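Notes for the structure review
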Amino acid sequence: MVSITVDKACCKGCNICLAVCPKKVLVKSKKRNNYGTTMPNISKIEECVVCRMCEKLCPDGAINVEGE
Amino acid sequence: MNKLYEKYIKTESLPTLFCPGCGNGIIQFAAANAMDELGIKDDIACVSGIGCSSWIPCYYKMDVMHTMHGRALAFAEGLKLARPDKKIMVFTGDGDCLAIGGNHLLHAASRNIDLTVIMVNNYIYGMTGGQKSPSTPKGAITKTSPFGCIDEPINGCRLVMSLGASYVARWTTAHPVQLAKSIKDGLMHRGFSFIEVLSQCPVQAGKSIYGEKDPAKIMRLYKENTYLYKEGKTRIEGKIPIGVFRNDDGAEEYIEKTEARLREQGIERTESWSVSQ
Amino acid sequence: MERRSLRKKELVLQGNEACAKGAIYAGCRFFAGYPITPSTEIIEMMSAEMQKSGGAFIQMEDEIGSACAIIGARWGGKKAMTATSGPGYTLMQEAIGFAAVTETPIVIVNVQRGGPSTGQPTLSSQQDIYQARYGSHGDYEIIVLTPSSVQEMFDFTVRAFELAEQFRTPVIVLADEVVGHMREKIAVEGGSKIIESVKHQYVVSPQADFFQGKNTMVEGQLHDEQGRRIGHLAKRSGEFINDINRKISDNTDIIASIDTYFMEDADVAIVAYGSVARPSLNAVKLARGVKDGRIASKLRIVKDLFRKGVQETLHTDYSHLKVGLVKINTVWPFPEKLLKEAAKNADIIIVPEMNVGKYFREIERVFKDKAVISMPKCGGDIHTPKEILDKILEEAGINE
């Protein structure tokens, strides 16, 4: 079971994760983070291949990927 | 929050002062990853100078020295010589390392002293608001080169290789896995390890240097405009070589050289070097 | 200045060598430096001694690097020192400010030479007296010791390490070419002195040495107790600056040190520091008619005056002249209380110094009710006892 969480307090809304996800699991949303910018939404979690690129390329450590 | 991030970062100091999309955070994560894989966090200390990139280690839950502009290497050499048994990681920027700290870089590299230097190259002075740095490409418009930069950019990797640094690599923020491995190798390597990381500065360098303000797009440019260096492989014009340029385990390290010379001369030390007072 | 009798081993040393010996005795185990006249003998001696003793030595690429390396080494747990002179000391200023704000106990020896700029590499001066105090930017307090003999080069270097550790601050040993290069017999103790490394009594932001698992944060920006930056917060930054200054200025009584000679009944006081205290003491002794084995007796001075053509002075008896000397050992923080007490009965204060008359301003500020007279001398020559005696006579209205 894979789960991805995006921390509202850490995210600065740079959107790098949206571009690097090969399966487009992370998508744009209107949700606001504490920084005041928009933060990503998780959709189609079942398609996640756990490449962890979003985690590794998030400049603010906001994304946590759990699972195999 | 990311589990690894939580383990290594002083969460009470968050958010970091980096702009959204800044490459420093990616390097921060890659270095944490490298330390975590080695599992020797308590035996590593970080030293940094002044500039955006020098704030990277300030968020780590470990021994950190945030020093003067350009002098990080001098502080690190003192610390290393005081505790030769420990690993020192130096975070520095292109302006910090190649301009004001250029002299220290030359000498630290030629000494081949056991330090791991991570030079974050964003082609610009970011913290002061986007002025020309020693690595700014020719022709680039910045706040202090309004008619186009005329100076030949300094290639940090080639410079330290010519001086005898024994581990030299260049990666970009678009290569986080390779970067983490290089930092890990650099930490384990006994000698001067120099790792240059091309890192996006979407706010200050953005349009004027990369022609692009979106951090993800700049990272894609990094992938497109670089090629993996292999010995014997021909250069690709107009592209930046990345990869490990040198990994010489045979090169003698400064402290080893000192110890060997003392042994040769039959000089017995009255106290052990590495023991702290 | 006076010879000690309780010490064990007597040696004939140069001032710079005594300084290096003192550092080793005080437990200094790291030296980074860059050769510069007239302090080079210190780096030469340390290059061998540090490595033999189990310390580390590195010849850095410049003085900036040297000052930075000793700060790095001190956080690595080694007592550290560097030595330099005029231009090199100027280069170190930023690191001195860094050491002050990060509360790093380091010792910097400045064997002064004539300036400005390249100035006079081989001649002496006391021109760095204000640079030693105000050299780095921003508000900070610093401790500066001025040795006036080879024995004091040893003693004050040891004292510098003690004060640095006690107050967690950089300490400057402000020597000059004269004391640096003179040779004298001194008495030193063998072995080494144990100086307590960390005392948090006077520390604003206590940080442990590195590699103790304490997550030490050494921060050049104004910071809180954990080393986190507060430079953007006006109120807390103001408190930090006050604290870091007051830890020295409020403890001047502990730090300050002066020596007095013949001051009990003195009407004329000479206030001197560093090498100039030597001819000053001779002048005082000559005026008082005290015989000194090494220097000419009163008779020779009288002969000198005769040669000058002032015949009547031949018959003048100076022994009624009540002259004394206050030798300042810690020029900064300014030993105001001690000085006021020592010279309270004097009417005239003469301040000889090898610069345009800088420290004189501090003394003038303290003694508003007395005649404070500056006696500057530039060019590299130290004042002669006769010059100082002449000044005493002139000011006392005798030699007119």
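Described in the following lines is the structure provided in the data block. Being a predicted model, the structure only gives us computed values, none of them experimental. (Residues numbered from 1 in each chain as written. Chains lettered and ligands numbered in written order. Predicted model: local features only at pLDDT ≥ 70, side-chain atom pairs only at ≥ 80, totals over all residues.)

A common way to report how large an interface is uses the accessible area buried once the components associate. Each partner contributes residues to the interface: chain B has 22 residues there, and chain A has 21 residues. Going through the elements one at a time, helix H1 (3–8), helix H2 (24–38), helix H7 (176–188) and helix H9 (215–224) of chain B are the ones with two or more residues in the side of chain B that touches chain A. Counting residues per element, the side of chain B that touches chain A draws most heavily on H2 of chain B, at four residues. Within the side of chain B that touches chain A, the residues separate by chemical class into 15 nonpolar, six polar and one charged. (Contact = placed C-beta atoms within 7 Å. Helix = DSSP H or I, 4+ residues; strand = E, 2+ residues; numbered from the N terminus. Nonpolar A, V, L, I, M, F, W, Y, C, P; charged D, E, K, R; others polar.)

The biggest cluster of nonpolar side chains holds 231 residues, and the ones touching the most others in it are Val90, Ile118 and Phe194 of chain B together with Ile349 and Ile392 of chain C. Each of domain 1 (9–198) and domain 2 (260–395) of chain C contributes no fewer than three residues to this core. Apart from residues lying up to four places away in sequence, Ile118 of chain B is in contact with Ile27, Ala31, Met89, Val90, Phe91, Ile183, Ile195 and Val197 of chain B. (Core = buried A, V, L, I, M, F, W, Y, C linked by C-beta atoms within 7 Å. Buried ≥ 20, exposed ≤ 12 C-beta atoms within 10 Å, placed from the backbone. Domains from an automatic or database assignment.)

What follows covers the arrangement of the chains. Of all two pairs of chains in contact, the one with the most contacts involves chains B and C. Looking at chain A next to chain C, you find no contact at all, with the nearest C-alpha pair sitting 19 Å apart.

Our next topic: the environment of Lys23 of chain A. Residues and elements named next belong to chain A. Take Lys23: it is sitting in the loop between helix H1 (16–20) and strand E2 (26–27). In the structure, Lys23 is positioned 26 residues away from Val49 in sequence and 7.8 Å away in space, judged by C-alpha atoms. Setting aside chain neighbours within four positions, we find Lys23 in contact with Glu47, Cys48 and Val49.

Moving on, we come to the packing of helix H1 (residues 15–25) of chain C against helix H7 (residues 150–167) of chain C. All names here are of chain C. Between H1 and H7, whose axes approach to 7 Å, the crossing angle comes to 30°. If you check the angle between H1 and H7, you find them roughly parallel. You can see that H1 and H7 cross each other, and the crossing is right-handed. Residue-level inspection shows Gly15, Ala18, Cys19, Lys21, Gly22, Ala23 and Tyr25 of H1 in contact with H7, the latter providing Val150, Met153, Phe154, Asp155, Thr157 and Val158. Among the residues making up the contact of H1 with H7, the classes are represented as eight nonpolar, three polar and two charged. (Axes fitted to C-alpha atoms, helices over the stretch in contact; angles between N-to-C directions. Parallel < 35°, antiparallel > 145°, perpendicular 65-115°, else oblique. Left-handed = near helix turned anticlockwise from the far one by under 90°.)

All names here are of chain C. Ordered by their spatial adjacency, seven strands build an open sheet running E3-E2-E4-E5-E7-E6-E13, and the pairing between neighbours is mixed. Whereas interior strands pair on both sides, the edge strands pair on one side only; in this sheet they are strand E3 (56–59) and strand E13 (330–332). Each neighbouring strand pair of the sheet contributes to a mean axis angle of 25°, computed without reference to strand direction. Here two bridges tie strand E6 (residues 143–145) to E13, and the two strands are oriented antiparallel to one another. (Pairing = 2+ DSSP bridges.)

Attention now moves to the interface of chain C and chain B. Listed by partner, the interface residues are 41 residues for chain C and 34 residues for chain B. When contributions to the side of chain C that touches chain B are tallied by element, the ones reaching two or more residues are strand E2 (28–33), helix H2 (40–52), E3, helix H3 (63–75), helix H5 (93–102) and strand E9 (217–219) of chain C. For the side of chain C that touches chain B, the element with the highest residue contribution is H3 of chain C, accounting for nine residues. Counted by class, the side of chain C that touches chain B contains 18 nonpolar, 13 polar and 10 charged residues. Where strand E2 (residues 63–66) of chain B lies against E9 of chain C, three bridges are found, and the strand directions are parallel. Bridged to Val64 of chain B within E9 of chain C is Met217 of chain C.

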